[in-house]
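Descriptive analysis of the structure
Residue-level listing of the chains:
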Amino acid sequence: MDLRIFTEPQQGATYDTLLAVAKATEDLGFDAFFRSDHYLSMGSADGLPGPTDAWITLAGLARETKRIRLGTLMTAGTFRLPGVLAIQVAQVDQMSGGRVELGLGAGWFEEEHKAYGIPFPKEKFARLEEQLAIVTGLWATEVGKTFSHHGTYYDLTDSPALPKPAQAKVPVLIGGHGATRTPRLAAQYADEFNIPFASIEDSERQFGRVRAAAEQAGRKAEEITYSNALVACVGKDDAEVARRAAAIGRDVDDLKANGLAGSPDEVVEKIGQYAAIGSQRIYLQILDLADLDHLDLIAAQVQSQLA
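Residues numbered from 1 in each chain as written. Predicted model: local features only at pLDDT ≥ 70, side-chain atom pairs only at ≥ 80, totals over all residues. Heavy atoms only, no water.

Approximately 1,200 Å³ is the volume found for the largest pocket. Glu8, His38, Trp108, Phe197 and Gln285 are the residues nearest the centre of the largest pocket, which is lined by 48 residues in total. Residue composition of the lining of the largest pocket, by class: 24 nonpolar, 18 polar and six charged. (1 Å grid on protein atoms, 1.4 Å probe; cavity = no way out; pocket = protein on both sides within 12 Å on 5 of 7 lines; lining within 4 Å. Points joined across faces, edges and corners; volume = space filled by probe spheres on them. Nonpolar A, V, L, I, M, F, W, Y, C, P; charged D, E, K, R; others polar.)

Here's what the structure looks like:
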C-alpha cells in the first residue's frame, strides 16, 4: 500500500509552508506530494494569505525535491486550456526529472470561478473528455509530426505538440463518484482511478464499475491503479487525536467513520479494509500543514506497518 500526502492549500498556506511539507514527505519516505487545485477557501477557513497556483507550486517543488512524485488531485479543467496545460505539465515533468502525475477533473466549485472571473461552463464533463484527448494526444505525437483536433469545444490545427515530458508517459489520474461516464472515461484514459472521501462499500462499488468499463473497452482492469483519498487524523492516544481533530474543526467520531482517524493501529486496520476491496494507494489528506509531527507519527507507526 502506497501512502501519499495530499494537501489543500486553498485553506491557507504559503509556498514555504508547502515546501516544508513536501520536504518532510520526502524525508519520511512517503511516496508522493499532491495538492488540490483551488483558488478559494471552503468552509470557515479564511484562506490567508491567499491562494497558490497548483502548477506554479509544483514547478518550484520539482526543483527542491529529488525523489517524491508530484501531482494534483485534481487539476480543474475549467482553469486552463488543454494545449497550455499540456505545455505546463510537460515542463514541470522536465524540471522534476520525470516525477509528475496529472490528475484532471471537470471542475466543480462555482464560487471560485465567480471570485476570479473564470468562466464556468455548463457542459464541463464533455469538455473534460476533449481535454483528455488533447493533452494525451499532444504528448503522444512523435517529434517532427503535428497534432490536430477538431472538436465541439476545442480546435487545434497542426500543433507541433511540444514540449515533451521527461517521462515516456505521464500518469493520468481520473476520479469521482459518477456511475456511468466517469468509469467510461477512466477506462479510456486513466493510469489511476481515485475515489475521494468514500466509504469502503462505495469504493468497492465504484472500483467494480471502473474494472467493468475497462474490460468492456478491451483493456485489462489491472492496468489501472485504484486509490482512495481520505482525511487523516492520527494520534498516539485519544487526547492527541482529539487535539488534531479540533485543530481542523472536525469531530473525532465523524473522522473515524469517514476517514482515517484514531491510533496508529486503528488507522492501519482501517487501511487494511480498503486494501481488501482493491485499493492500492491512499492519499492522506493533511489539513493542518503546520503540524509536521503528524507526518512523523504516520511515517513511524502507520507507514512502517504497511511496508
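Don't stop here, the text continues.
With that settled, consider helix α7 (residues 200–216). Its 17 residues give α7 an end-to-end C-alpha distance of 24 Å, which sits within 8% of 24 Å, the value for a rise of 1.5 Å per residue. Every buried residue belonging to α7 is among Ile200, Ser203, Gln206, Phe207, Val210, Ala213 and Ala214, and all of these are buried. Summarising the axial view, the buried residues of α7 lie within an arc of 150°, below the 170-degree limit, and thus occupy one face. Residues of α7 that are exposed and angled more than 90 degrees away from the buried face: Glu201, Glu215 and Gln216. Those residues of α7 that are buried are in contact with α6 (181–189), β9 (192–196), β10 (225–234) and α10 (264–276). Taken from the residues just after α7, Gly218 is the one with a positive phi, measuring 80°. (Helix = DSSP H or I, 4+ residues; strand = E, 2+ residues; numbered from the N terminus. Expected span 1.5 Å × (residues − 1). Buried < 20%, exposed > 50% of the residue type's maximum accessible area, 1.4 Å probe, protein only. Arc of directions from axis to C-beta. Contact = heavy atoms within 4.5 Å.)

Turning our attention to the environment of Trp139. As for its position among the elements, Trp139 is in helix α5 (residues 124–140). Residues Trp139 and Ile224 lie 85 residues apart in sequence; the distance between their C-alpha atoms is 19 Å.

What is shown is where atoms sit, not what they do.
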